[in-house]
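Remarks on the overall topology
Single-letter residue listing:
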Amino acid sequence: MTPQPAPRPARQPQAAVGTPRSRVDGRLKVTGQARFAADHGPADGIDGIVHAVLVDATIGRGRITSIEARAALAVPDVLTVIHHGNAPRLPYRDNSFPDSIHPPGERLRAFQDNHVRFFGQPVAVVVATTLEAARHAARLVEVTYDAEPPQLDLVTAPAHEPDIYTRGDAAAALASAPVQLEMTYRMGRNHHNAMEPHAIVARWDGDRLTVWEKTQWVADPRNELAAVFGIPQAAVRCYSRFVGGAFGNSGRTWVHSVAAALAARELRRPVKLVLSRRQLYFGIGFRPAYEYGVRLGSERDGRLTAVVHDVRGETSRYERHSDDLALGRMLYDTPNFRQDVRLVPLDVNTPTWMRGPGWSTTATALETSLDELAHELGIDPIELRIRNEPADDPATGQPFSTRRLHECYTTGMREFGWHRRSSRPRAVREGDWLIGMGMAAGAYPAESAPAQAHARLGADGTVVVRSASSDMGPGTTTSMAQVAADALGLPMWSVQFQLGDSMMPPAPVHALAWTMASVGSAVQATCDRLRRKAVALAVGDDRSPLHGVPADEVVVRRGWLHTRADPRRGETYQQLLARNGRTHLEAVGGYEPPEEIRYSMYAYSAIFAEVAVDARLGIVRVRRMLGVFDAGRIVNPKLADSQAHGGMIGGLGQALLEHTVTDPRDGRILNANLADYLVPTNADATDIRAIYIEGVDNEAAPIGVKGLGEVVQVGVAPAIANAVFNATGRRVRDLPITPEALLMPR
Amino acid sequence: MFPFTYTRATSVHEAIEAGERGGRYIAGGTTLVDLMRETVERPRALVDIVGLPLSDVSATPRGGLRIGALARMADVAADPVVRQTYPAVAQALELSASAQLRNMATIGGNVMQRPRCAYFRDVSAPCNRREPGSGCSALEGYNRTHAILGTSEHCVATHPSDLAVVLTALEATVHMVGPEGRRATPIGQFLLQPGDTPDREQDLRPGELIVALEIPPLPRPLRSGYLKVRDRESYEFALTSVAVALHIRGGVIHTAKVAAGGVGTIPWKLPAVEQHLVGRRPSPDLWAQAAERAADGARPLVHNGFKTELLRRTVERQLRIVGGRS
């Protein structure tokens with residue numbers, strides 16, 4: 001597809017979009033003035049706040065036989081201990097709203113029965129007037145259990161019926177393929193480990209509930225808490241202006257939020273509940289572990305004839321979380337493809353989305369297997385991929401809106417110095433280090449969802465645009481202001497974008513890399529409408545210098561409305577409003593995705609990595625990484641780099657460090673802290689670079705973006721694993737790659 | 001955190017009196033406060049000793065080094081005398097913890113660190129260190145990071161300190177003051193293997209306070225260095241680590257001091273390696289032969305078997321790095 005020019009009825013000059021702007025809220029964040037969920041209190045009119053601390057189950061499965069709270073209640077300042085023995089039964093209506101993001105199943109309830117479903121499940125909540133008292137008392141609650149051995153083995157536990165995707169006849173094609181490979185990959189469980197802990201402040205005013213919540217979607221606490229407490233959605237309001245990282249674990253509303261709201265209702269006081277770092281490994285989801293069986297059949301020239309994926313992924317016993325594992329269906333031109341995905345219910349809390357959900361998982365299996373095939377056939381890994389590049393989407397037959405993956409490869413090869421890679425493994429040595437290069441491709445759906453916005457132009461010429469989105473870190477507050485500024489012809493400093501309030505015009509969950517496509521398009525539409533309103537007022541006003549000018553001949557630059565032909569003929573928004581006696585102009589607008597999707601729309605990545613492996617000591621160091629991304633229009637290259645670097649560092653963690661360790665005897669998580677669960681440090685991630693292939697995708701979204709936040713982590717881990725193979729000749733199929741997997745004989 | 005009282009000692013004498021009455025000494029607090037939050041530690045009384053005049057770092061008359069117990073890790077690592085006389089000490093400190101922790105933590109506290117074990121830190125798990133007789137969860141549990149040397153059926157946790165590995169190699173002395181006066185003991189006897197009493201981690205009597213660590217003079221020229229193998233490049237404990245000091249004269253090794261970390265319930269002195277080196281000429285073969293003795297007596301568990309070979313290789317590598325330039 002050749003990109004078509006953007007439909008720009010406004011024909012506004014692009015001044016802010018596309019430029020590397022610093023975060024508008026950066027100063028607030030680094031000076032501590034940005035108030036995150038747990039920072040709310042008297043300054044927000046929340047008086048008499050009390051503190052809640054959860055008591056966590058210490059068995060992996062079973063029943064509570066008794067809860068003794070006397071010692072806890074004897075601690076001065078303790079107000080109550082709520083558990084299944086004394087908690088009111090809550091309505092717990094279905095949260096089956098059309099846009100619910102909760103997985104199918106029976107959700108975990110707060111203190112409604114004596115079942116323990118996983119280690120660390122909240123079994124009680126202690127509330128006190130001081131945090132210290134609540135924490136101490138939580139330790140003094142004595143819980144006895146009737147414990148059963150938990151089922152925690154992904155490989156041996158019984159699985160649900162498989163979800164099967166098939167095209168062609170993969171089995172027959174595999175059997176007759178001249179080249180056949182069979183491998184099994186395993187990926188460890190990952191936790192999100194956002195900087196900000198989950199936190200909520202809950203306050204009841206009669207039957208109305210207000211929460212200040214860490215969330216990627218202010219609509220979900222509203223919907224979920226309304227359903228749990230059996231009150232109308234309109235009776236719940238959720239604020240979440242700042243989010244200190246989430247990576248997917250703050251999409252749905254978890255049980256601790258219910259516990260806080262319940263405690264607040266019981267005590268008739270505002271309650272604050274902040275999860276401890278340890279508790280962040282218990283009840284707020286994780287990237288599930290996977291076992292990924294791969295069989296490949298190909299011609300001698302590398303053309304894939306059959307791909308078979310047999311997948312096992314973990315979920316909880318009470319809900320079915322399934323990642324979207326569709327990368328294998330669309331990345332390569334394979335006529336015969338079969339994928340069986342089996343969810344394995346285990347005694348764990350329900351997994352959830354984590355950056356590049358599903359797609360980064362499949363990329364590890366698919367892209368490592370392609371590297372194995374390339375090695376087997378003696379074909380360059382990039383050449384192999386190009387030979388299997390499809391003309392149209394092999395899963396749907398639809399044309400691609402834009403697919404610049406080939407360009408990602410060629411750009412990456414040039415910029416990374418791919419020609420210096422030895423095709424023979426273990427061929428490059430520098431002292432004690434073996435050096436290797438690897439690459440992998442990735443993709444992530446370019447989706448969008450309905451969104452609305454409201455824009456208000458004040459008499460002083462400044463604009464406030466609002467939409468109930470979130471900003472978990474990508475810089476949405478900044479990038480939306482850029483979109484609004486250009487649509488209105490205003491400088492950035494006179495535009496403010498506000499988000500994080502469920503009373504604002506609705507926005508979809510801030511996830512799936514679709515916020516710019518959805519909310520950005522809504523902001524643009526809304527601000528276009530507002531600008532047109534102003535222009536209409538001017539051209540219809542006989543006192544305006546623009547009187548009588550055709551409306552589409554008027555453009556706005558830096559707040560100056562003028563004719564396209566003569567920039568001197570015009571006036572400011574302020575002049576226009578003052579003369580007309582208007583205090584403000586406002587507009588509401590929105591974005592609806594097209595009902596019929598005619599194109600296959602994805603963002604793409606090509607990731608390159610160079611590693612050094614100390615083969616005697618098993619140490620792997622990533623020397624440099626390059627990500628080349630086809631993500632459509634880049635609204636803010638500085639924020640994009642922040643996204644890309646973060647995603648690639650996350651992929652580095654997946655490849656080499658991150659692995660939640662569970663004791664199979666009782667489900668105890670053994671590295672539930674940031675000293676033992678290893679995320680990359682700055683020293684691990686030294687030289688990281690991102691390149692964005694220029695272009696817009698007008699099919700994917702009116703503003704031409706395909707989404708960046710997820711695809712930046714897709715393909716990173718396999719690129720590193722492939723580089724390790726190139727360095728050492730050892731193929732490690734389990735992530736993370738540990739020193740013990742690389743200790744080689746002399 | 002369990003309730004506790006807090007007092008500040010204005011003199012060593014005052015501190016010892018408070019310690020004798022059951023007070024726990026706190027200096028940088030980087031271990032103790034952390035463990036108090038996890039309720040692993042539940043002291044009733046804290047005695048803050050950070051104001052005591054015990055932070056001097058100085059050369060001793062015959063070329064040794066004396067480090068005050070309250071000297072901060074960062075300050076010791078940056079000290080020119082330390083860097084010149086025993087660079088391995090500075091290296092070990094710089095490879096420890098994080099910059100923030102090194103700015104707070106003291107040398108005495110570093111040696112006094114509690115064992116590295118997830119079950120020890122989790123009060124809902126049985127642990128003989130915390131509750132003697134409750135059982136060791138790590139023996140049959142997840143024990144990748146645990147010890148292969150000096151273990152007992154009661155405990156297999158490693159000692160976490162990097163610095164203590166260097167001090168053990170160099171045969172440092174721990175100087176203490178207590179109700180009965182001054183006392184000094186070699187660090188190899190000060191830190192205790194778990195044996196049947198895993199809750200006893202140091203040879204420290206009630207009220208005794210570490211005042212200094214002293215590295216004895218060693219013949220010069222002396223080459224020394226510390227190598228740490230770990231999963232992550234920064235802020236991570238050792239899978240294996242090795243401290244080596246060699247005095248080579250006339251092409252022959254006259255003195256060899258070697259100890260390993262990450263593998264023992266205490267920093268593990270390697271006398272068999274040392275003995276193999278002394279009197280011989282440096283060579284790649286010598287390093288390899290000596291390193292073969294590094295894991296003598298190792299008893300690997302289910303998940304840490306790799307440490308046996310990794311330890312030998314770490315020793316061999318570090319012997320080459322320190323002694324290779326002959």
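Residues numbered from 1 in each chain as written. Chains lettered and ligands numbered in written order. Predicted model: local features only at pLDDT ≥ 70, side-chain atom pairs only at ≥ 80, totals over all residues. Heavy atoms only, no water.

1. Some remarks on the overall build of chain B
As a reminder of what qualifies: The numbering of helices and of strands both runs from the N terminus, where a helix is a DSSP run of H or I of at least 4 residues and a strand a run of E of at least 2. Note that the radius of gyration is over C-alpha atoms, with the globule rule given as 2.2 Å times the number of residues to the power 0.38. Partly exposed describes any residue whose relative accessible area lies between the buried limit of under 20% and the exposed limit of over 50%, with all areas from a 1.4 Å probe on protein chains only and scaled to the type maximum. We call two residues contacting when some pair of their heavy atoms lies within 4.5 Å. Accessible surface area values rest on a Shrake-Rupley calculation with a 1.4 Å probe, where residue burial reflects the displayed protein chains alone. When charges are tallied, Lys and Arg are placed among the positive residues and Asp and Glu among the negative ones, while His and the ends of the chain are skipped. Just so you know, the charge point we use is NZ for Lys, CZ for Arg, CG for Asp and CD for Glu.
Secondary structure assignment for chain B yields 13 helices and 12 strands. Relative to the 2.2 N^0.38 estimate, which gives 20 Å for 326 residues, the radius of gyration of chain B is 19 Å and therefore close to what a compact globule would have. Viewed in the frame of its principal axes, chain B has a C-alpha envelope of about 60 × 50 × 35 Å. The buried share among the 326 residues of chain B stands at 58%. Across chain B, contacts joining residues at least 24 apart in sequence account for 63% of those joining residues at least 6 apart. Total accessible area on chain B stands at roughly 13000 Å², and carbon and sulfur atoms take up 50% of it. Of the charged side chains in chain B, 39 are positive and 33 negative; the average position of the first set lies 5 Å away from that of the second.

2. Focus on the interface of chain B and chain A
We count it as follows: The buried area of a pairing is the accessible area, by a 1.4 Å probe, that goes missing from both parts when the two are put together, added over both. Here a salt bridge means any side-chain nitrogen of Lys or Arg lying within 4 Å of a carboxyl oxygen belonging to Asp or Glu. We call two N or O atoms a polar contact when they sit within 3.5 Å, provided that within protein one can donate a hydrogen and the other can accept it, with sequence-adjacent residues counted only if both atoms are side-chain atoms. Gly is put with the polar residues, along with every residue not named as nonpolar or charged; the nonpolar set is Ala, Val, Leu, Ile, Met, Phe, Trp, Tyr, Cys and Pro, and the charged set is Asp, Glu, Lys and Arg.
Each partner contributes residues to the interface: chain B has 37 residues there, and chain A has 35 residues. When chain B packs against chain A, the two sides together hide about 3200 Å² of surface, and 50% of this comes from carbon and sulfur. Remark: the boundary between chain B and chain A carries nine salt bridges. One can count 19 residue pairs in polar contact (both at pLDDT 80 or more) joining chain B with chain A. Listed by contribution, the elements that provide at least two residues to the side of chain B that touches chain A are α8 (118-121), β9 (223-229) and α13 (306-323) of chain B. Considering each element in turn, the side of chain B that touches chain A owes the most residues, eight residues, to α13 of chain B. Tallied by class, the residues present in the side of chain B that touches chain A amount to 14 nonpolar, six polar and 17 charged.

3. Focus on the pattern of salt bridges
For the structure on display, the rule yields 68 salt bridges over all chains. A salt bridge links D310 of chain A to R342 of chain A, with the shortest nitrogen-to-oxygen separation between them at 4.0 Å. One end of the pair, D310 of chain A, is in strand β14 (residues 304-316); the other, R342 of chain A, is in strand β15 (residues 336-346), with 32 residues separating them in the sequence. The exposure class of R342 of chain A is partly exposed, given its relative accessible area of 26%. Of the charged contacts, one joins E274 of chain B and K269 of chain B as a salt bridge, the two residues approaching to 2.7 Å between their closest N and O atoms. Each of R24, E41, R114, R129 and E201 of chain B takes part in salt bridges that share partners, so that together they form one network.

4. Quick notes on the sheet that holds strand β16 (residues 429-430) of chain A
All names here are of chain A. The condition is simple: When DSSP finds two or more bridges between a pair of strands, those strands are recorded as paired.
As summarised here, the arrangement of the five strands in space is β16-β17-β25-β26-β27, forming an open sheet in which the pairing is mixed. Every interior strand has two partners, whereas the edge strands, β16 and β27 (687-692), have only one. By the bridge criterion, 13 bridges tie strand β17 (residues 433-445) to strand β25 (residues 602-614) in an arrangement that is antiparallel. Directly across from G438, in β25, lies its bridge partner A609.

5. Here's the deal with the side chain of E236 of chain B
Structurally, E236 of chain B is set in the loop between β9 and β10 (240-249). Among buried Asp, Glu, Lys and Arg side chains, E236 of chain B stands out as unpaired, with R116 of chain B the closest opposite charge at 4.3 Å.

6. Observations concerning the packing of helix α8 (residues 359-377) of chain A against helix α15 (residues 716-728) of chain A
Residue and element names in this part refer to chain A. As a reminder, the rule being used: Think of each axis as a best-fit line through the C-alpha atoms, taken over the contacting stretch in the case of a helix, with angles from 0 to 180 degrees between the N-to-C directions. Angles below 35 degrees are treated as roughly parallel, those above 145 as roughly antiparallel, those between 65 and 115 as roughly perpendicular, and all remaining angles as oblique. In this scheme the handedness of a crossing depends on how the near helix is turned from the far one: anticlockwise by less than a right angle means left-handed, clockwise means right-handed.
In contact at an axis separation of 8 Å, α8 and α15 are set at 30 degrees when each is read in the N-to-C sense. With respect to α15, the element α8 is oriented roughly parallel. In this structure, α8 crosses over α15, and the sense of that crossing is right-handed. Between α8 and α15, the residues in contact are A363, T364, E367, T368, D371 and H375 and A717, P718, N722 and F725, respectively. Looking at side-chain class alone, the contact of α8 with α15 contains four nonpolar, four polar and two charged residues.

7. Quick word on a positive patch on the surface
Counted only if it meets this: Each patch is assembled from residues with relative accessible area greater than 30% and no salt bridge, linking like charges that lie within 9 Å and nonpolar side chains (Val, Leu, Ile, Met, Phe, Trp, Tyr) that lie within 5 Å.
There is a patch of like positive charges on the surface, built from R529, R532, K533 and R582 of chain A. Tracing the backbone shows R529 of chain A in helix α12 (residues 515-539).

8. Quick notes on a negative patch on the surface
A grouping of E14, E17, E20 and E180 of chain B is seen on the molecular surface, where their side chains present a negatively charged patch. Note on placement: E180 of chain B falls in the loop between β6 (173-178) and β7 (181-186).

9. Points about the pairing of β25 of chain A
All names here are of chain A. With 13 of 13 residues buried, β25 lies mostly within the body of the structure. Both faces of β25 are covered, namely the face carrying Y602, Y604, A606, F608, E610, A612 and D614 and the face carrying A603, S605, I607, A609, V611 and V613. With 11 bridges connecting them, β25 and strand β26 (residues 619-630) associate as antiparallel partners. Following the sheet pairing, D614 is matched in β26 by I619. Linking two consecutive strands that pair antiparallel, namely β25 and β26, is a turn of four residues; a positive phi of about 80 degrees is found at G618 within it.

10. Details of the packing of helix α14 (residues 637-656) of chain A against α15 of chain A
All names here are of chain A. Interhelical geometry of α14 versus α15 gives an angle of 55 degrees and a closest axis separation of 7 Å. If you check the angle between α14 and α15, you find them oblique. Crossing hand, α14 versus α15: right-handed. For the pair α14 and α15, contact is made by G647, M648, G651, L652, Q654, A655 and L656 and by V716, A717 and I720, respectively. Looking at the contact of α14 with α15, its residues break down into seven nonpolar, three polar and no charged.

11. Some words on the nonpolar core
Where we set the bar: We call a set of buried residues a nonpolar core when its members are Ala, Val, Leu, Ile, Met, Phe, Trp, Tyr or Cys and they connect through side-chain atoms within 4.5 Å of each other.
Counting 101 residues, the largest nonpolar core has L331, F629 and I720 of chain A as its most contacted members. Sort the elements by how many residues they give to this core and β25 of chain A lands first, with nine residues. L65, V111, Y226 and V315 of chain B belong to the second largest nonpolar core, which has 65 residues in total.

12. Quick word on the confidence of the model for chain A
Put simply, the rule reads: Values of pLDDT, ranging from 0 to 100, describe the predictor's confidence in every residue of the model.
With 98% of its residues at a pLDDT of 70 or more, chain A shows a mean pLDDT of 96. Note that pLDDT drops below 50 for residues 1-10 of chain A; the model gives that stretch 16 contacts with residues more than four away or on any other chain.

13. Quick look at the domain arrangement of chain B
Rules: The domain boundaries here were taken from an automatic or database domain assignment.
For chain B, the assigned domains read domain 1 (5-51) and domain 2 (223-323). When each unit is reduced to the centre of its C-alpha atoms, the spacing between domain 1 of chain B and domain 2 of chain B is 36 Å.

14. A few points about the sheet that holds strand β9 (residues 199-205) of chain A
Residues and elements named next belong to chain A. With respect to topology, seven strands assemble into an open sheet ordered β3-β5-β1-β12-β9-β10-β11, the strand pairing being mixed. Since the sheet does not close on itself, it has two edges, and those belong to β3 (78-83) and β11 (236-239), each with one partner. Going from strand to strand, the sheet's axes swing by 20 degrees on average, the running direction of each strand aside. Across four bridges, the pairing between β9 and strand β12 (residues 271-274) is antiparallel. Residue pairing for β12: A202 is matched across the bridge by V271. Running over the sheet, helix α5 (residues 219-229) touches β9, β10 (208-213) and β11 and is turned about 145 degrees from β11. Strand contacts of helix α6 (residues 255-267): β1 (50-56), β3, β5 (122-128), β9, β10 and β12, with the helix running at about 35 degrees to β9, the strand carrying the most contacts.

15. A closer look at the packing of aromatic side chains
All names here are of chain A. Heads up, the rule is: For this analysis, a ring pair means two rings from Phe, Tyr or Trp (six-membered ring only for Trp) whose centres lie within 6.5 Å, classed as stacked if their planes differ by under 30 degrees, edge-to-face if by over 60, and tilted for the remaining angles.
One pass over the full model with this rule turns up 14 aromatic pairs over all chains. Arranged with centres 5.7 Å apart and planes meeting at 50 degrees, the rings of W359 and Y602 form a pair that is tilted. With W359 in helix α8 and Y602 in strand β25, the pair connects residues that are 243 residues apart, well separated along the chain. A single burial state applies to W359 and to Y602, both of which are buried. Judged by centre distance (5.6 Å) and plane angle (80 degrees), the rings of W418 and F608 are edge-to-face.

16. Describing the domain arrangement of chain A
Residues and elements named next belong to chain A. Looking at the assigned domains, one finds that chain A contains domain 1 (26-34 + 448-591), domain 2 (37-149 + 193-281) and domain 3 (398-447 + 601-742). Between domain 2 and domain 3, the C-alpha centre-to-centre distance is 36 Å. Listed per partner, the contact involves eight residues of domain 2 and 10 residues of domain 3. In total, domain 2 and domain 3 occlude about 790 Å² of area from one another, counting both sides; carbon and sulfur atoms represent 63% of this. Our count for the contact surface shared by domain 2 and domain 3 stands at zero salt bridges. Along the contact surface separating domain 2 from domain 3 lie two residue pairs in polar contact (both at pLDDT 80 or more). Within the side of domain 2 that touches domain 3, the residues separate by chemical class into three nonpolar, three polar and two charged.

17. Description of the environment of L95 of chain B
All names here are of chain B. Mapped onto the elements of the fold, L95 is located in the loop between α5 (87-94) and α6 (99-104). Residue classification places L95 among the partly exposed positions, given a relative accessible area of 26%. Separated by 133 residues in the primary sequence, L95 and K228 have C-alpha atoms spaced 7.5 Å apart.

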